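Listed here are the chains, written in short residue letters.
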2 protein chains.
Amino acid sequence: MADSAGRRKRGGGRAGNAARRGGAVIEQMPWRLPVNADRPTEPLDEDGVNAIHEGAMTILEEIGVAILNPEALELFREAGCSIDGDIVRFGREFIMEMVGKAPETFTLTPRNPDRELIVGGKYILFGNVSSPPNYWDMEIGRKVAGTREQCANLLKLTQYFNCIHFAGGYPVEPVDIHASVRHLDVLYDKLTLTDKVMHAYSLGRERVEDVMEMVRIAGGLTHEEFDARPRMYTNINSTSPLKHDYPMLDGWMRMARRGQGCVVTPFTLAGAMAPVTMAGAVAQSLAEGLCAIALAQYINPGCPCAIGTFTSNVDMKSGAPAFGTPEYMRATQMTGQMARFYGLPMRSSGVCAANVPDGQAMWETSNSLWAAVQSGTNMVYHAAGWLEGGLIASPEKFIMDCEVLQQIQRYMEPATYATTPDDIALDAIRDVGNEGHFFGIQHTQDRYTTAFYQPFLSDWKNYEGWEAAGAVWTPERAHHIFKDIINSFEAPPLDEGIREELATFVAKRKEEGGAPTDF
Amino acid sequence: MADSAGRRKRGGGRAGNAARRGGAVIEQMPWRLPVNADRPTEPLDEDGVNAIHEGAMTILEEIGVAILNPEALELFREAGCSIDGDIVRFGREFIMEMVGKAPETFTLTPRNPDRELIVGGKYILFGNVSSPPNYWDMEIGRKVAGTREQCANLLKLTQYFNCIHFAGGYPVEPVDIHASVRHLDVLYDKLTLTDKVMHAYSLGRERVEDVMEMVRIAGGLTHEEFDARPRMYTNINSTSPLKHDYPMLDGWMRMARRGQGCVVTPFTLAGAMAPVTMAGAVAQSLAEGLCAIALAQYINPGCPCAIGTFTSNVDMKSGAPAFGTPEYMRATQMTGQMARFYGLPMRSSGVCAANVPDGQAMWETSNSLWAAVQSGTNMVYHAAGWLEGGLIASPEKFIMDCEVLQQIQRYMEPATYATTPDDIALDAIRDVGNEGHFFGIQHTQDRYTTAFYQPFLSDWKNYEGWEAAGAVWTPERAHHIFKDIINSFEAPPLDEGIREELATFVAKRKEEGGAPTDF
């Protein structure tokens, strides 16, 4: 019965799959904005929260942050901050007043309004890996520089999986495209291959403006409509310790002015760019993040901002960054407490230091993803496809991570812990009594196909069944699914006129030389 | 500096390692009883707790449990329970009164008193994989029936790793030893290769009595000393749904009488031996467990008991058990809430359905281990070495799991979230300011070697370094560590007279024929 019920749900097995449209290589969970109802794990008591807040405020007031953007410097001067060369010192009243203007929750609406996201509150949203310069897959079998084709394939995975909510930065840097026009080609690919929320790198005026314009065109929006609500977002990193550079702040201010999503994520590696002690690294990270958010709110009160964490530790042997460590988990949880203290949505990541999609990759990634859940994170960057501390993107890892993400989404369904009389099921227990089993009874039959999470990658066969099926380890199974998804991918609908307008814009901007590459 | 600091800590690298005693193949965390200070994740609200409690009590009162042991049946009759054939119905007052006599915390003291465990409260303790009939390692490369040598090797790992607190059942069934005398040989191996807390299978009078006697001999104890406090424990499984069989209850009562540890763990697979709905499966599991604990408390009020959970779901396609699933996690968390409601220590497990130590194995095991943490579990069975739903023991998986267990132990160290002024480190942040880095400063130097978890298996090198070192994936690295540990293993000290007494006992009991094998 179990078997036949399973097959029924699968709609006729292989034949049924083939008959369906190409996108249905696997049966996946439907698109939804997962709600994380768990009470967050909070290692800090009230004194601890106050100590970190006091630390962050003292850093801002007494030590200050280098602001390497004259326009931002001028705005801080105008706001009454103390300026000493390019060092800005901020009164805590100013910071807290500005941060208080940021909304606790905001929406991001991409070209397909059905993909609108709510950032903040109890929502937890996942994005694809972003920005690795290199690529690894099982067919190539070694680390290679990223290409446009690999990037496009990872974008297809981004679109395909319902558990991926937003398209972050480039899932791999296509270094076969010249940097001056890379953003144009990749944004064209992103906007035609996916209909999910877009991101712009804050790497110079042209890139940010071009991406905003392309997102506007893709959405069929007037400039007024684009500005009316957040359509996309940027993520900036401070140059830790305690510095914001020119282009990041430039993009930040452009996005803030037009009311688009602004995420600031200091990369505070404890023992390198931040104190070796985790609470100190978190305090410094918050100081760096809060002053950027204050700037955005000063420019455009109420504009959508989120605070990110990328606090982790280094390898004691080599100084290399480590990810998904116990210290990383605690830093993420502490930042979650502080984000709630400041009333800001929060971003963290799905990360690992492993070089290939093996056991280490998955325990490190699991650690970071569960820390995201425990911390009350709202946006999980790099949630699928990341290897080697972010230097490699891998489609097999992408597929493996999506299996974990789906499990997290299922974990969040209240059905898993519901206690209605139907769930306690006394009648079923009474019927079965002290003999027999629950396989065949009505209570089971009524619920069988939806009662449990059904994996698309995990192999739950026994050893003999698994061996008979080829004894395939997880990454190779993931590779096959990757190929099947790419080979049968269908892009989301896009008006042909809009596609032409995008292509024309790209051609025009390429003719103009694209963006300067002296960043 | 990072590098040299790391090397200093490693005590001279390879040469230093080789100079040390054989046991130091890796640098591992010291022996300790980890304290889990996190507030548990509690999916149930008060109504939910009451609904499951009410369900469990109704099962006990109205449906009843088959008690296939005449002695136990007689005891329940004497206690005033309603007996109908072999079905016992229990008043909730009786159950709650008896359960109330069980201690919230107890100790287990093995032959080496330095290895004493505290079970309950905020302690979380880990045990080795127990009872798989089969074995897999990378050298053999396929599933094979377990042998005494493999069992002994896994016992050496059990002893070697400080993060493994107790020696559960046989880490693999040595099916090359006849079942009638298997317990004698394995207990001899266990008691000579390890000095950690022992377990007895409740599979017939002889086995339980023999193991108690051997644990007594190994500890150099009189019978009175043995009985004076818990020296070991058993774990029984009910025959779900709602049945306790003869030999399990026999062993249970023998252990309870002598004040030894009694853990009851129903194996309630939702949709098979329990309702397809998780809360119903948990309610049934609790009913099965609570009546066994009531029996133990009726026999010997105050004897040490713990309630276990093994509630998981089946694969919808095959009916095979699945482990480390979202539903498994929620069942574990709900059971944790109920264990606190009843004031009982709790056992759960580290489990997976994967057949080999790959990515799937680690995300499923991570899910189950984090569920153990989130649920407030006190004893984590099968925490290292389990594959194929418990049908395979693997030394590579054992090593990989120990890396995860150590990370969980480090995660629990308050240093990871401390917020003293030294942790906030304002002076360090002030010193470094907006330029430079934290590598070289005193605050970092003073803490560098202890600030972060240092892995023994995770490879944090970059891809090129990892490739230069042979491009070795995690299971193969684990295999090498396994071999190194076995090859240099030194058994813990044991008085020669005691060893001879154990050997003599084994020889005598073998001559007598051991235990019947008709169970």
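The structure under discussion appears in the preceding block.
Residues numbered from 1 in each chain as written. Chains lettered and ligands numbered in written order. Predicted model: local features only at pLDDT ≥ 70, side-chain atom pairs only at ≥ 80, totals over all residues. Heavy atoms only, no water.

S.K.: Can you explain the interface of chain B and chain A? Please cite residues and give values.
M.R.: Contacts between the two partners involve 125 residues from chain B and, on the opposite side, 126 residues from chain A. Summing both partners gives a buried area of about 10400 Å² for chain B against chain A, and 62% of it is carried by carbon and sulfur. Three residues stand out in chain B for area buried against chain A, namely Met316, Trp363 and Trp460 of chain B, and they jointly supply 10% of the buried area on that side. One salt bridge in this structure joins Arg39 of chain B and Glu42 of chain A, with 4.0 Å as the shortest N-O distance. The tally of links from chain B across to chain A stands at 52 residue pairs in polar contact (both at pLDDT 80 or more). If one sorts the elements of the side of chain B that touches chain A by residue count, helix 13 (residues 359-375) of chain B sits on top with 9 residues. Across the side of chain B that touches chain A, the residue classes tally to 60 nonpolar, 38 polar and 27 charged. (Contact = heavy atoms within 4.5 Å. Buried area = accessible area lost by both parts, 1.4 Å probe. Salt bridge = Lys/Arg side-chain N within 4 Å of Asp/Glu carboxyl O. Polar contact = N/O pair within 3.5 Å; in protein donor to acceptor, adjacent residues only side chain to side chain. Helix = DSSP H or I, 4+ residues; strand = E, 2+ residues; numbered from the N terminus. Nonpolar A, V, L, I, M, F, W, Y, C, P; charged D, E, K, R; others polar.)

S.K.: Now, about helix 6 (residues 148-160) of chain A: what can you tell me, with residues and values included?
M.R.: When the terminal C-alpha atoms of helix 6 of chain A are compared, their 18 Å separation across 13 residues agrees well with the 18 Å that a helix rising 1.5 Å per residue should span. Of all the positions in helix 6 of chain A, only Gln150, Cys151, Ala152, Asn153, Leu154, Leu155, Lys156, Leu157, Thr158, Gln159 and Tyr160 of chain A are classed as buried. (Expected span 1.5 Å × (residues − 1). Buried < 20%, exposed > 50% of the residue type's maximum accessible area, 1.4 Å probe, protein only.)

S.K.: Would you mind going over the nonpolar core in detail, with residue names and values included?
M.R.: Core analysis: the biggest nonpolar cluster contains 329 residues, and Phe161 of chain A together with Phe161 of chain B have the highest contact counts within it. In this structure Phe161 of chain A touches Ile26, Gln28, Lys196, Phe398, Ile399, Cys402, Phe456 and Ile485 of chain A, once residues within four positions along its chain are discounted. (Core = buried A, V, L, I, M, F, W, Y, C linked by side-chain atoms within 4.5 Å.)

S.K.: Please give an account of the pairing of strand 12 (residues 261-264) of chain A that cites residues and values.
M.R.: Every other side chain in a regular strand lies on the same face of the sheet, so the side chains alternate between the two faces. All names here are of chain A. Along strand 12, one buried face is formed by Gly261 and Val263 and the opposite face, lined by Cys262 and Val264, is buried too. With 3 bridges joining them, strand 12 and strand 14 (residues 305-308) adopt parallel strand pairing. Bridge pairing links Val263 to Ala306 in strand 14. (Pairing = 2+ DSSP bridges.)

S.K.: How would you explain the packing of aromatic side chains if you had to name every residue and give the values?
M.R.: For the structure shown, the criterion picks out 37 aromatic pairs over all chains. A centroid spacing of 5.2 Å and a plane angle of 55 degrees characterise the contact between Tyr463 of chain A and Trp466 of chain A, whose relative ring orientation is tilted. You can see Tyr463 of chain A and its partner Trp466 of chain A sitting in helix 18 (residues 463-468), 3 residues apart, about one turn around the helix. On the accessibility criterion, Trp466 of chain A (4% relative accessible area) is buried. Among the aromatic residues, those joined into a ring-pair cluster are Phe76, Phe90, Phe94 and Tyr298 of chain A. Geometry around Trp31 of chain A places Arg115 of chain A over its ring, the cationic atom sitting 4.6 Å from the centre. One residue, Arg347 of chain B, lies across the ring of Tyr381 of chain B, its end atom 3.8 Å from the ring centre. (Phe/Tyr/Trp six-rings, centres within 6.5 Å; stacked < 30°, edge-to-face > 60°. Lys NZ or Arg CZ within 6 Å of the ring centre and 35° of its normal.)

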